[in-house]
Structure formats: C-alpha cells, structure tokens
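# A look at the structure
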Protein chains: 2
Amino acid sequence: MFGSLWSLPVSESRPRIIPEATVARLAVYLRVLAGLAGDGRSHVSSGELATAAGVNPAGLRKDLSYLGPCGVRGVGYSVSGLRERLTTALGGERSRPCVVVGLGRLGAALADYAGFASRGFEFVGLLDADPQRVGDCVGGCTVRPIADLESVVADTEAAIGVITTPAEVAQSVCDRLVAAGVRSILNFAPVALTVPPGVDVRKVDLSVELQVLAFLDQQRDGGRQPVTVPVHAGLGAQR
Amino acid sequence: MFGSLWSLPVSESRPRIIPEATVARLAVYLRVLAGLAGDGRSHVSSGELATAAGVNPAGLRKDLSYLGPCGVRGVGYSVSGLRERLTTALGGERSRPCVVVGLGRLGAALADYAGFASRGFEFVGLLDADPQRVGDCVGGCTVRPIADLESVVADTEAAIGVITTPAEVAQSVCDRLVAAGVRSILNFAPVALTVPPGVDVRKVDLSVELQVLAFLDQQRDGGRQPVTVPVHAGLGAQR
DNA sequence: AACCGCTTGTGAACGCAGGAACAAAGTCGC
DNA sequence: GCGACTTTGTTCCTGCGTTCACAAGCGGTT
C-alpha cells in the first residue's frame, strides 16, 4: 500500500480515520496496559494483550495499526510507549470537565466513581431538579439546582454532559446542554435524543442489555419452552 | 399468482435467527410502544415508530420482519398486537429473577431502579463482601453476605447475574455464578470475563463510553469548529 | 556474519449490518 | 365496484467490520 501514494505531499500521514468500534477497543487496551505497567512489565505481545482484552490478536494489531507502527517485530509492544501513544490518540491526559444532570442513584454513582477521575474525567458540575437533593455533596462536588445549568456549563467549560434524568425531561435537558455549549453527551435515559449536527451522543440503555440477555436465555432454552405462539395472533386491523 | 413458491413445505417459517443488534432494537421498539399505548394510540406506522426509536424506517421494518408479518399494509402496526408479539419474542412477560453482586453505589442504583421491575426483571438476591453493607435493604431486598451466593442462586433460581464488583474479584464472582447455574451475566466491571460455552456475557463499560466521547471531541476540535448551533437545525448523529 | 525463530503489520476474503428502491396488499373515496 | 393512495415486506446493493493468512523485520544464537 505504501510507495505509490507516498510521493504525494499528503498533509497528514497519521490521521487516518479510526472506526468508532476500534476507538472503543483502544480504550480497553489502554486500561489493560495500565494494569501491566503496575505489574512492572516492560513489554507485551499482541497475543497476551488480546486475551487480556478479550479480543482477537489479529484484530488488536489492526486496531493499533491505525496509529502507525507501534511495536517491534519479534519483540512485541513497549508497555510505556504504547500507553503514551494510546493516551494521546484518545485525547490526551488533559482533564475533561463533565457535568451530570439528574443526581438520582445512578447519577450519584457515576459522579462518585473513582475510576473516571483516574482517566481524566472530572465531574465539575452536578445538577438536579429536586430541591431536596440540591446542596448534597457527591464525590467532592455540591449539587446545584437545574436552573444553574447554563452558568455551570459556562463557568466550568464542561465538554461532556451526562444525562441520568427521567426520560420525560431528557430531551429538554439535552437541548439546554447543547445550547450551553456541550458537544458530547452520554445518555442513560431511555429515549432517543435529537441533537444538531456536530454533537455526539452515546446511549447506554440498561434495560435493553437485560432484555437481550433474556432473549438469549430464552433462545437457549428454546428446546424446553415451546414458545406457544398463539396461531393467528390477531394483529389484523381490528378497528 | 400465489402458489408457485408458497406450495413449498418450508420447514419453519418462524424461527429465523434474529441478529443480536436487531434484538436490542426490538427492546427499544417495545418501550416506545408502551409509551404509545399509554397515549391511547391504537395504530402506528413504521415511520413514526422509527423516528421515536431513532432508527431508519426501512431498518425497523426489516427488524420486525424477523417475527413474520406483523402489520397491515396501508394501515400500519397495531400497537397492542405488536407489543404482544415483541414481548413474546423477547422472552415473554414471565418474571426473570436476577442477582446483583457488589452493592456499591452502582449496584444499589440498579437494584433500586423501578424501570427493570416493570419489564419483568426482579432483583431477588443482593450480595456484597462488605459486612457493613450486609443487612441493608435496597429496593425491597436485603443484602446478604457473598458467602451465600450459591444458596441464593439456588433458592431463587436466578437466571441473570449482574456483576458490579471491583475488577479484581469480578472473574471469581463470575465463576461462582456460573457454577451455581447462572447462564446470563451483565458485567459492569472493567475486565473481560472468561466463561464456558453456553453462558452469555454482556459488558457495559462506562469509562470506555466517556473515552470514546473524548476522542470524538478531540477529533472534532481538530478542525476547530466553534459549533455555535443552538438553533434546532435538524437531526444529528444518533447512536 | 549468517541463520532461525518469533512477532508485527498488512493484504485479501468473508460475513453482516444498514440503506434505498420496488412490488404486494389492503383501505378509503367515489 | 373500481381506482388511487398508503404502508408494509422484501430484495438488492453498498460499505464496514472481522478474521485468516502471509510477508517483512528484528533479536538472539552459532
């Protein structure tokens, strides 16, 4: 692949587009590498990394190849070197301010989770509509009323918004976050959010996860459970 | 007209294999339908359902076609009929007992979430290694010591295990759950679990979600796009 | 200095999901 | 009763992601 095209003065050789699925796995590799570094390992092979991350070795190498040559043939990957590379590729070590809207149990759990802080995600704004929760201190930050959303986002320059509100208000909260300047949203509310172009939304739907498991469970038990599909289920237009 | 192909004695028309991605979307459709039923709607078109679920109308119809003909051409889908069919396809309405291991904030949030109970997921066993948490009552269930894992799973015939423990103990907890008879596991610990064949694992990795957002954010800032689009321009990236 | 084994990086093929277009089928209006 | 409109169900096609397999390169050894 190289040779013919490289004579062209391509402005950038690195920023080949990275598939989103690959990005997600890179984050996993980075975490595994952190563990290996803690164990004092200096080098690691693709096979070992792959099993620790739960993926195929060839796929792992292809994922890493998006960053350019990272390893040494015959030896493997330098743990520290690869960590550095992955860290910068995923957005650097700089602290990323986040706001959480909806400090129910789930929101509080996220705001208090230490695993985020160690990756540079800092929860600098907590917002809730319930006056009884306002003033609570969660994870070293004080809960403020939802009316302060715009000012909190502006003051903290928050880059990521986490929505853990009831479904009914999720869209309006989302709109306000976007209007205030947040361009990345992690949505736990069970609704499909509508956002303008240029804003990224990722959705985590815990009910769906459970329901998929239930489906797989049923499918496995398929021989046992005759399903009992009512013949002629009456979907016809009875109207 | 009809007859040429239809005369073939196709062995089975129903149990076509359903892709897992489709199953996940079916769960979303089911939830949207519940909302529509609450609004008193009797029929709905694929277009309306698709926008509410955040997917493509053609894709939605293809998803539903895995269940066989569900709608009426020229009219749409019967809300109640489609609900019934999706419910049975996803595993029926029967209560599915679940156990949660690790009653930290996240585990407690899950155990207490009412949205699960309404879908038939019942948390019948809560386990934690911390003696200080044992005896607590979360969501109407009492936390028991981790030593009771096997007996709790056996007594409740739990089908689904939710792991919200620290990463270090997740694999051992998983092994014990599987040995006790659990065949579906939802893992929130940031490790790749190893399970024997016949056991399904789904992983939810919140750090990865944030890190993907950070990557997209960085990639967007590569072109320095001030965005400034508070205007409700249109449908953005939905994921 | 040359060989050999080990590991990476990449090219190619396969399978799958997603999207658009089209035909079948049913309803509503006249 | 008939025609036109609406909406589903399906088929084709394109693109992406994943896996397999092999050549290239590096270190250690003789």
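Residues numbered from 1 in each chain as written. Chains lettered and ligands numbered in written order. Predicted model: local features only at pLDDT ≥ 70, side-chain atom pairs only at ≥ 80, totals over all residues. Heavy atoms only, no water.

## Regarding the overall build of chain A
- Within chain A, the secondary structure is distributed over 9 helices and 9 strands.
- Looking at the 239 residues of chain A, the share that counts as buried comes to 45%.
- In chain A, 54% of the contacts between residues at least 6 apart in sequence involve partners at least 24 apart. (Helix = DSSP H or I, 4+ residues; strand = E, 2+ residues; numbered from the N terminus. Buried < 20%, exposed > 50% of the residue type's maximum accessible area, 1.4 Å probe, protein only. Contact = heavy atoms within 4.5 Å.)

## Focus on the interface of chain A and chain B
- At the interface, 76 residues of chain A touch 80 residues of chain B.
- Between chain A and chain B we count 12 salt bridges in total.
- The closest approach of N and O atoms between D217(A) and R96(B), which form a salt bridge, is 3.2 Å.
- Summed over the shared surface of chain A and chain B, the result is 20 residue pairs in polar contact (both at pLDDT 80 or more).
- Elements supplying a minimum of two residues to the side of chain A that touches chain B: helix 1 (20–38), helix 2 (46–53), helix 4 (79–89), helix 5 (105–112), helix 8 (167–180), strand 8 (184–187), strand 9 (200–203) and helix 9 (206–220) of chain A.
- A class-by-class count of the residues in the side of chain A that touches chain B yields 45 nonpolar, 12 polar and 19 charged. (Salt bridge = Lys/Arg side-chain N within 4 Å of Asp/Glu carboxyl O. Polar contact = N/O pair within 3.5 Å; in protein donor to acceptor, adjacent residues only side chain to side chain. Nonpolar A, V, L, I, M, F, W, Y, C, P; charged D, E, K, R; others polar.)

## Let's talk about the pattern of salt bridges
- Throughout the structure, instances matching the rule amount to 28 salt bridges over all chains.
- A salt bridge links E150(A) to R176(A), with the nearest nitrogen and oxygen atoms 3.0 Å apart. A residue pair is termed long-range when its members are at least 10 positions apart, and E150(A) in helix 7 (residues 149–156) and R176(A) in helix 8 qualify at 26 residues.
- Looking at E150(A), the relative accessible area reads 32%, which means it is partly exposed.
- Among the ionic contacts, a cluster of salt bridges with common partners joins R96(A), R183(A), D200(A), D217(B) and R220(B).

## Looking at the environment of F123(B)
- Turning to its location among the elements, F123(B) is positioned in strand 4 (residues 121–128).
- Remark: the alpha-carbon pair of F123(B) and G140(B), spanning 17 residues in sequence, is separated by 9.0 Å.

## Details of the relation of the copies chain A and chain B
- Between chain A and chain B, which share one sequence, the superposing operator has a rotation angle of 180° and an axial displacement of 0.0 Å; the RMSD is 0.0 Å. Accordingly, the operation relating the two chain copies is best matched by a two-fold axis. Within chain A, the C-alpha atom positioned nearest to the axis of rotation is that of L106(A), 3.1 Å from it.
- Looking at chain A, 86% of its interface residues are interface residues in chain B too, so the copies touch through the same face. (Least-squares fit on C-alpha atoms with pLDDT ≥ 70 in both.)

## Focus: helix 3 (residues 57–65) of chain A
Residue and element names in this part refer to chain A.
- Along helix 3, the residues classified as buried are L60, D63 and L64. The buried residues of helix 3 all sit within an arc of 95° when viewed along its axis, so they share a single face.
- In this fold, the buried residues of helix 3 make contact with helix 1, helix 2, strand 2 (77–78) and helix 4.
- The N-cap of helix 3, judged by a side-chain oxygen 2.8 Å from the amide nitrogen of A58 a few residues on, is N56. (Arc of directions from axis to C-beta.)

## Side note on the pairing of strand 7 (residues 160–163) of chain A
All names here are of chain A.
- Here strand 7 shows two buried faces, one formed by I160 and V162 and the other by G161 and I163.
- Summarising the sheet, strand 3 (residues 96–101) and strand 7 pair through 4 bridges and their orientation is parallel. Residue V101 lies in a different strand from strand 7, and its bridge partner there is I163.
- Sheet analysis places strand 7 next to strand 8, joined by 4 bridges and oriented parallel. (Pairing = 2+ DSSP bridges.)

## Some remarks on the side chain of D217(B)
- When you line up the elements, D217(B) lands in helix 9 (residues 206–222).
- Judged by relative accessible area, which is 4%, D217(B) ranks as buried.
- Within the structure, the side chain of D217(B) is placed 3.2 Å from the side chain of R96(A), a separation counted as a polar contact.
- Every residue in contact with D217(B), bar those within four places of it in the chain, is listed here: R96(A), A159(A), R183(A) and S184(A).

## Things to note about helix 7 of chain A
Residue and element names in this part refer to chain A.
- The complete set of buried residues in helix 7 reads L149, V152 and V153. The arc that holds every buried residue of helix 7, seen down its axis, measures 95°, which confines them to one face.
- The elements touched by buried residues of helix 7 are strand 3, strand 4 (121–128), strand 6 (141–145) and helix 8.
- Where helix 7 ends, the next residue or the one after it, E157, has phi of about 50°, a positive value.

## So, the sheet that holds strand 8 (residues 184–187) of chain B
Residue and element names in this part refer to chain B.
- As summarised here, the arrangement of the 7 strands in space is 5-6-4-3-7-8-9, forming an open sheet in which the pairing is mixed. The sheet terminates laterally at strand 5 (137–138) and strand 9 (200–203), the two strands that pair on one side only.
- Where strand 8 and strand 9 come together, 4 bridges link them in parallel fashion. If you follow L186 over to strand 9, its bridge partner there is R202.

## Thoughts on the protein's contact with DNA strand D
- R25(A), R73(A), S46(B), G71(B) and Y77(B) are the nearest of the 25 residues found near DNA strand D.
- Restricting the count to atoms of DNA strand D within 4 Å of the protein gives a sugar and phosphate share of 63%.
- At a separation of 3.4 Å, a phosphate oxygen of DNA strand D approaches a polar side-chain atom of N56(A).
- Backbone polar atom of G71(B) to a phosphate oxygen of DNA strand D: 2.8 Å apart, as the coordinates give it.
- Among the secondary structure elements, those contributing two or more residues to the surface near DNA strand D are helix 3 of chain A together with helix 3 (57–65) of chain B.
- Considering each element in turn, the surface near DNA strand D owes the most residues, 4 residues, to helix 3 of chain A. (Near = heavy atom within 4 Å.)

## Quick word on the sheet that holds strand 9 of chain A
All names here are of chain A.
- Spatial ordering of the open sheet is given by 5-6-4-3-7-8-9, a layout of 7 strands whose pairing is mixed. Edge strands, defined here as strands with exactly one partner in the open sheet, are strand 5 (137–138) and strand 9.
- In this sheet, strand 6 lies alongside strand 4 in parallel orientation, the contact comprising 3 bridges. Its bridge partner lying in strand 6, D128 is registered against P145.

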